[in-house]
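Report on the structure
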Amino acid sequence: MGKTYERINGRLRTFIEAQPLFFTATAPLSEDGTVNLSPKGLTGSFAVLDELTVAYLDFAGSTAETIAHLRENGRITLMWCAFQGPPNIVRVHGRGEPVFRDDPRFAELLTHFAGIDPTTHGLRAIIVVTAELIRDSCGYAVPYMSYDEDRDLHGRRFAREDDASLSAYFTKKEHIATSLDGLPGLPLPLPPSTV
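Summarised in this report is the structure supplied together with it. All residue numbers here refer to positions counted from 1 along the written sequence of the relevant chain. Selection of residues for local features in this predicted model requires a pLDDT of at least 70, selection of side-chain atom pairs for listing and counting requires 80 or more, and totals for whole chains, interfaces and linings are taken over all residues. The basis for every side-chain value is the complete set of non-hydrogen atoms in the structure, without hydrogens or water.

1. Notes on the layout of surface pockets
Gaps left between atoms show up when a probe the size of a water molecule is rolled over them. Using a 1 Å grid laid over the protein atoms alone, points where a 1.4 Å probe fits but cannot get out form a cavity; open sets with protein on both sides within 12 Å along at least 5 of 7 lines form a pocket; any residue with an atom within 4 Å of a point counts as lining. Grid points are joined across faces, edges and corners, and a volume is the space filled by probe spheres set on the points. Looking at the largest pocket, its volume works out to about 1000 Å³. If you go around the largest pocket, you meet 36 residues; those closest to its centre are L21, P39, K40, G41 and L42. The helix and strand labels rest on DSSP assignments: H or I over at least four residues marks a helix, E over at least two residues marks a strand, and numbering proceeds from the N terminus. At the level of secondary structure, the elements contributing two or more residues to the lining of the largest pocket comprise β3 (36-40), β5 (53-58), α2 (65-72) and α4 (153-158). Ranked by residues supplied to the lining of the largest pocket, first place goes to β3 with four residues. Amino acids are sorted into nonpolar (Ala, Val, Leu, Ile, Met, Phe, Trp, Tyr, Cys and Pro), charged (Asp, Glu, Lys and Arg) and polar (every other residue, Gly among them). Its residues assigned to classes, the lining of the largest pocket shows 16 nonpolar, 12 polar and eight charged.

What follows is the structure in structure tokens.
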């Protein structure tokens with residue numbers, strides 16, 4: 001049976017921080033807009049900031065749907081599944097905000113991610129999520145799967161980019177500055193990195 005929690009602490013926090021993979025879901029306000037669901041990983045790219053706030057690093061990718069949806073309406077759900085150990089699914093429903101590289105909060109937020117070198121992944125923003133509803137459920141139908149290691153392809157691909165070439169890369173992509181539905185996405189050109 002599912003349970004609702006007032007905050008992310010104790011067992012919930014331990015579970016969330018131990019998972020190598022989580023998913024984000026967002027949607028535009030338009031009833032015919034494109035719902036987005038994205039897997040997120042890379043060890044060290046997620047942090048629990050306090051009992052109601054989590055954050056993750058938003059790296060270079062082929063679209064910027066999450067950023068566009070958050071800029072429009074802020075709604076986001078994060079989900080973690082237990083693929084090993086006791087079955088469990090945890091969802092954090094809340095309000096999210098992309099904190100871009102030129103935001104005064106960016107440098108301080110980045111200190112929460114000491115376990116990863118963001119310069120090798122084309123860091124675009126830090127997504128900060130304030131929880132409004134925290135729930136878990138059984139996860140009995142989630143299969144057992146093993147985690148071997150993070151792939152190194154993303155880091156190898158984007159480590160060779162500097163701010164100018166990363167901005168040029170994003171400018172060439174069709175759905176970075178605007179979403180699939182035409183919403184404002186990642187502001188371009190990228191401001192210089194402070195890391």
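2. Some details on the nonpolar core
Ranked by internal contacts, the top residues of the largest apolar core, which has 33 residues, are F46, L78, W80, F170 and L186. Within the residue set of this core, elements represented by two or more residues are α1 (10-18), β4 (46-50), β5, α2, β6 (75-81), β7 (89-100), β8 (125-137) and α5 (163-172). Considering every element that reaches this core, the biggest residue donor is β8, with five residues. Nine residue types can take part in a nonpolar core, namely buried Ala, Val, Leu, Ile, Met, Phe, Trp, Tyr and Cys, and a core is a set of them joined through side-chain atoms within 4.5 Å. Only protein chains enter the calculation, and the probe is 1.4 Å; a residue is then buried if its accessible area is under 20% of its type maximum, exposed if over 50%, and partly exposed in between. If you look at the next biggest cluster of nonpolar residues, it comprises 14 residues, including F59, L109, L110 and I126.

3. A look at the environment of S38
Here S38 is to be found in strand β3. Judged by relative accessible area, S38 falls into the buried class, the value being 13%. For the pair S38 and G182, spaced 144 residues apart in sequence, the C-alpha to C-alpha distance is 19 Å. With residues near it in sequence (within four places) discarded, S38 still touches F22, F23, T24 and T66. Polar contacts here mean pairs of N or O atoms no more than 3.5 Å apart (in protein, one a potential hydrogen donor and the other a potential acceptor; neighbouring residues in sequence count only if both atoms are side-chain atoms). Here the side chain of S38 touches N36 through a polar contact of 3.1 Å, side chain to side chain. Here, residues are in contact when the closest pair of their heavy atoms is within 4.5 Å.

4. A short note on the environment of G96
Within the element layout of this structure, G96 appears in strand β7. Residue G96 is classed as buried on the basis of its relative accessible area of 11%. C-alpha separation for the pair G96 and S137, spaced 41 residues apart in sequence, amounts to 22 Å. If near-sequence neighbours (up to four positions away) are discounted, G96 is found in contact with L70, G74, I76, V128 and V129.

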